[in-house]
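Observations on the three-dimensional arrangement
In case you want the letters, here they are:
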Amino acid sequence: LLNAGRTVSYIPPVVSRSGNQNGDLTALTAEMAAGEVDVLLVVGGNPAYAAPGDLAFATALQNVPLSAHLSLYFDETSALCDWHLPHTHPLEAWGDARAYDGTATVIQPLIQPFYANRSPHQLLALVQAIAENPQPNPPFILPDPLGLLQETWAAYFAEARTDGPLAAEGVPLNDFDSFWRVALHTGVVPGTTFTPLPPAEVDARAVTRAVAAGAGTFEPELVAVFRPDPNIWDGRFANNAWLQELPKPFTKLTWDNAALIGPALAERLGLETEEVIRLRVTFPLGDDADVLAPVFVLPGQADGCITLHLGYGRDVTGSIGEGRGFNAYTVRPALAPWHAPLSALEKAGERYELATTQNHHTRAGRNLVRAATVAAFRENPTFPEAIDGPAGGGEELPSLYPEYVYDGYAWGMSINLNTCIGCQACVVACQAENNIAVVGKEGVAEGREMHWLRVDDYFAGDLDNPRVYHQPVPCMHCEKAPCEPVCPVAATTHSAEGLNEMTYNRCIGTRYCSNNCPYKVRRFNFFDYAADNDLINLMYNPDVTVRSRGVMEKCTYCVQRINRARSGASREGRTIGDGELQTACQEACPANAIVFGNINDPDALVTRLKAQPHDYALLAHLGTRPRTTYLAKLINVNEELP
């Protein structure tokens, strides 16, 4: 597209990697198996679990006379090593890191370590010192991590003090202490951003055509595709209950992984969701490996490809993550770690229950996602109104609800369906902010998940190649809220700023409000999910009540954040500025799809978005007048592109 040097910049690699990482691991494993490794120090990672299946790393590790593992958790590798060394949590330790453009930052600890932990910097410095002097007198002690970090950046400062970047930052050239304080204060180390390299003069289109012409075709009958799990990644987060219960994009699976199969392949093989299959991979060395996996038929999955997510099937990880799903690493080859031809696929004659939220809280037969091509939008910018009227519900009908006058703030939200990517970051951010409980796999299977915010996925068109729409659905904070008049104890009320509020200690659990909510965004506590544990209690947000059994709960537009912003603005004798206040879901959204603010402010971004012609409200024809509205999806179909 001729973007090199314009919208695309080339820089040196942020993370230096030498050689083939799996090749290095293969060589190490062979040396371990042959008894050629006397001491093995594993810093982070979990190779006994996550190494490719044909390496047999766990077996080779038992041939090492002395082994130690520095890790945040006791896992499969820790269990096989002679020593397990507790790793400091990133929030407990000094460190540094680089951004995508090379800019370095200093990581400062936020809390004192809870336990006698060690950082990798300390451990490696100690090992180096012992290697240089095996019998020190007096004995070595663990070095200070802050001193190690300052030593590293002092060397950088001494080398770069005369460079232009440091001078441009206004850093005193003869004073490392001032340089260090600037790095801590600004959050970035001055002068570390990489300079873009000059783009090579290459005819990219000619290269593309040549590659396409010479690629040929490779069409094995069935291919296993390996991918990190979207929630627990490579398995390192398997013991995190928030991430286990977070519905995965597209499948909405929780607490498990599955073999994702397209509809066409499922029909040919006679497979259904939750049916267990046996997958076999023949490794290049000639060995075979099998894995049992439940099927999940997913629209849009490529025909002939079976996606296996990594990170599950853990044996040693804690009560949350152990024994969940299947271990796809066992059939993952070292030479082709991301895809492998299947030598066999057969039915196992079993079924395995999967907990997915895809069909929970359905509002079948209603037009919830509005979409049109850009051309259709240009012809009719207000096309969402053609379905059931404008956001206000069309012609105003008589109502038993009172009219509210908002002299101050009136809070509202706009969600852009064009930019939402369905990543679920907003869901887990809401859970962390509002002390939302997890209910476990059985609770999810019964439809009792507690998330105040959900992201609905919709598939349209051909099952083998559908268009997918994502729609975040929090509480709508309706102006004419159906939940409010039915509560017999006035636990759900309308605030002076337009919020639909819940008074938790007044709720008696009738659930009338949930029955009366057309958006199905209210959650009921069936059990006392909150744990009374001193360590676990540290994860709770002290600004939000931890609810007990028998209470209805829902999205509050992060009212605690609203109150905090109001208090700060009041002390300074001003109003809350636009953009000063963000909800948790808005702050976490990587695509800026969620905008929140005061709709009484005509210049606020949320007000301007709601004035867009393709703004619409869910189920507007019911006359609920939601404070949360959506920007309809616009599909840019360029017929000229190949």
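Above this text is the structure in question.
My aim in this report is to walk through the structure given alongside it, one point at a time. Given the structure is predicted, the values throughout are model-derived calculations rather than measurements.

1. Concerning the packing of helix α6 (residues 145–160) against helix α8 (residues 176–186)
Across the interface, α6 lies against α8 with an axial gap of 11 Å and an inter-helix angle of 110°. Considering the angle they form, α6 stands roughly perpendicular to α8. When you trace α6 past α8, the crossing you get is right-handed. Of α8, the residues touching α6 (which contributes L146, L149, Q150, W153, A154, Y156 and F157) are F176, F179 and W180. In the contact of α6 with α8, the residues fall into nine nonpolar, one polar and no charged.

2. Description of the packing of aromatic side chains
Using the criterion set out here, one finds 17 aromatic pairs in the structure. A ring pair is formed by Y156 and F179, whose centres lie 6.1 Å apart and whose planes are at 35°; its orientation type is tilted. With Y156 in helix α6 and F179 in helix α8, this pair connects stretches of sequence that are 23 residues apart. Like Y156, the residue F179 is buried in the burial classification. These aromatic residues form a ring-pair network of at least three members: W94, W153, Y156, F157, F176, F179 and W180. When the ring centre of F524 is taken as origin, the NZ or CZ atom of R511, which lies over that ring, is 4.8 Å away.

3. Focus on the nonpolar core
By size, the foremost hydrophobic cluster in this structure holds 62 residues, and its most contacted members are W411, Y519, Y557 and Y630. Where this core is concerned, the elements lending two or more residues are α10 (241–245), β15 (411–416), α14 (425–433), α17 (559–571) and β22 (594–598). When residues of this core are assigned to their parent elements, the largest contribution, four residues, is made by α14. L222, A259, L265 and V331 belong to the second largest nonpolar core, which has 26 residues in total.

Reading the values: rules and limits
- Residues numbered from 1 in each chain as written.
- Predicted model: local features only at pLDDT ≥ 70, side-chain atom pairs only at ≥ 80, totals over all residues.
- Heavy atoms only, no water.
- Axes fitted to C-alpha atoms, helices over the stretch in contact; angles between N-to-C directions.
- Helix = DSSP H or I, 4+ residues; strand = E, 2+ residues; numbered from the N terminus.
- Parallel < 35°, antiparallel > 145°, perpendicular 65-115°, else oblique.
- Left-handed = near helix turned anticlockwise from the far one by under 90°.
- Contact = heavy atoms within 4.5 Å.
- Nonpolar A, V, L, I, M, F, W, Y, C, P; charged D, E, K, R; others polar.
- Phe/Tyr/Trp six-rings, centres within 6.5 Å; stacked < 30°, edge-to-face > 60°.
- Buried < 20%, exposed > 50% of the residue type's maximum accessible area, 1.4 Å probe, protein only.
- Lys NZ or Arg CZ within 6 Å of the ring centre and 35° of its normal.
- Core = buried A, V, L, I, M, F, W, Y, C linked by side-chain atoms within 4.5 Å.

On their own, these measurements won't tell you what the molecule is for.
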